[in-house]
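# Residue-level structural notes
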Amino acid sequence: MTGGSAGLGRVVLASNNAGKLREFAALLGAHGIELVPQSQLGVPQAEEPHVTFLENALAKARHASRLTGLPALADDSGLCVRALGGAPGVYSARYAALAGGEKSDAANNALLVERLRGEPERSAWYVALLVLVRSADDPQPLVGEGIWRGEIIDTPRGEHGFGYDPHFLLPELGRTAAELEPAQKNAASHRARALAALMARLDETR
């Protein structure tokens, strides 16, 4: 998509998550966008007090842009499980911590499996909500949403990915997200879908 970056060039990623940085850098590199993690620019993490993916992503993007003077990309993403009423949702990264456990992928996954024990309904979906602001006060933030549907399994499988990926089974492939090679995941994931939607919006506003 030549020109799809609309001259953005250097963009700060409003996240310190190494897994997200790897995925977004790979996805955006093809668009001529240099992604710089906010930690390299001395930007502290923003508060995420909101109950929707959109509000949290927008707050993070404006925060990073305001402190750096650069365009900023932020995502808020998480796993929604039908049998749990959409939980953990926006609290995916803090799922176990909010229940008194440690803040880690392992603890989050253990709690998820425990809460689904004996539950036959296993459908779930990953949500990624991306927001790009060209300045801190951008009146028209660009938004892309991506949804990736699957099922939760009790026994983890795969060595790739992060978060809930080892428990997120893609029935049509017979593999978990963690069993996919990075390039394969980057082509199909909720983040890839959200980014495609975002880049389409960016093209529309060039």
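Residues numbered from 1 in each chain as written. Predicted model: local features only at pLDDT ≥ 70, side-chain atom pairs only at ≥ 80, totals over all residues. Heavy atoms only, no water.

For the record, the criterion: UniProt positions are given in the numbering used here, feature names are shortened, and annotations may be inferred rather than shown by experiment.
Per an unreviewed UniProt entry, the protein chain goes by the name dITP/XTP pyrophosphatase and belongs to Verticiella sediminum. In the Sequence similarities (unreviewed entry) part of its UniProt record, the protein chain is described as follows: "Belongs to the HAM1 NTPase family." In its Subunit (unreviewed entry) section, UniProt records this for the protein chain: "Homodimer."

## Some points on the nonpolar core
Applied cut-off: In this text, buried Ala, Val, Leu, Ile, Met, Phe, Trp, Tyr and Cys residues form a nonpolar core when linked through side-chain atoms within 4.5 Å. Summary of the burial criterion: residues with accessible area below 20% of their type's maximum are buried, those above 50% are exposed, and those between are partly exposed, where the area comes from a 1.4 Å probe applied to protein chains only. Under the scheme used here, helices are H or I runs from DSSP no shorter than 4 residues and strands are E runs no shorter than 2 residues, and both carry numbers assigned from the N terminus. Only heavy atoms matter for contacts: two residues are in contact if any of them lie within 4.5 Å across the pair.
Judged by nonpolar contacts, the single largest core of 19 residues is most densely connected at Leu28, Leu73 and Leu132. Of all the elements in the fold, those that place two or more residues in this core are strand 1 (10-13), helix 1 (18-29), strand 4 (123-133) and helix 5 (190-204). Among the elements that line this core, the one with the most residues is helix 5, at 6 residues. Non-local contacts of leucine 132, meaning those with residues more than four positions away in its chain, are made with Leu8, Val11, Ala72, Leu73, Asp138, Pro141, Leu142, Leu198 and Leu202. If you look at the next biggest cluster of nonpolar residues, it comprises 17 residues, including Leu79, Ala96, Trp148 and Ile152.

## Considering the pairing of strand 2 (residues 34-37)
Formally: A pair of strands is labelled paired if DSSP reports no fewer than 2 bridges between them. Throughout, right-handed denotes a crossover for which the path from the first strand over the helix to the second runs clockwise when the strands point away from the viewer.
Looking at chain direction, strand 1 and strand 2 are connected through 4 bridges and run parallel. Across the sheet, residue leucine 13 finds its bridge partner in strand 2, namely proline 37. Crossover strand 1 to strand 2 through helix 1 is right-handed.

## Structural notes on empty space enclosed by the protein
What counts here: Here a cavity means grid points, on a 1 Å grid over the protein atoms only, where a 1.4 Å probe fits yet cannot get out; a pocket means an open set of points with protein on both sides within 12 Å along at least five of seven lines; lining residues are those with an atom within 4 Å of a point. Grid points are joined across faces, edges and corners, and a volume is the space filled by probe spheres set on the points. For this scheme, ten residues count as nonpolar: Ala, Val, Leu, Ile, Met, Phe, Trp, Tyr, Cys and Pro. Four count as charged, namely Asp, Glu, Lys and Arg, and the remainder, Gly too, count as polar.
Inspection of the entire model under this criterion finds 1 cavity of 30 Å³ or more. Counted as a void, the largest cavity has a volume near 50 Å³. Lining the largest cavity, in full, are Leu8, Val11, Leu28, Ile33, Leu73, Leu132, Leu195, Leu198, Met199 and Leu202. If you tally residues by element for the lining of the largest cavity, the top one is helix 5, at 4 residues. Along the lines of polarity and charge, the residues of the lining of the largest cavity split into 10 nonpolar, no polar and no charged.

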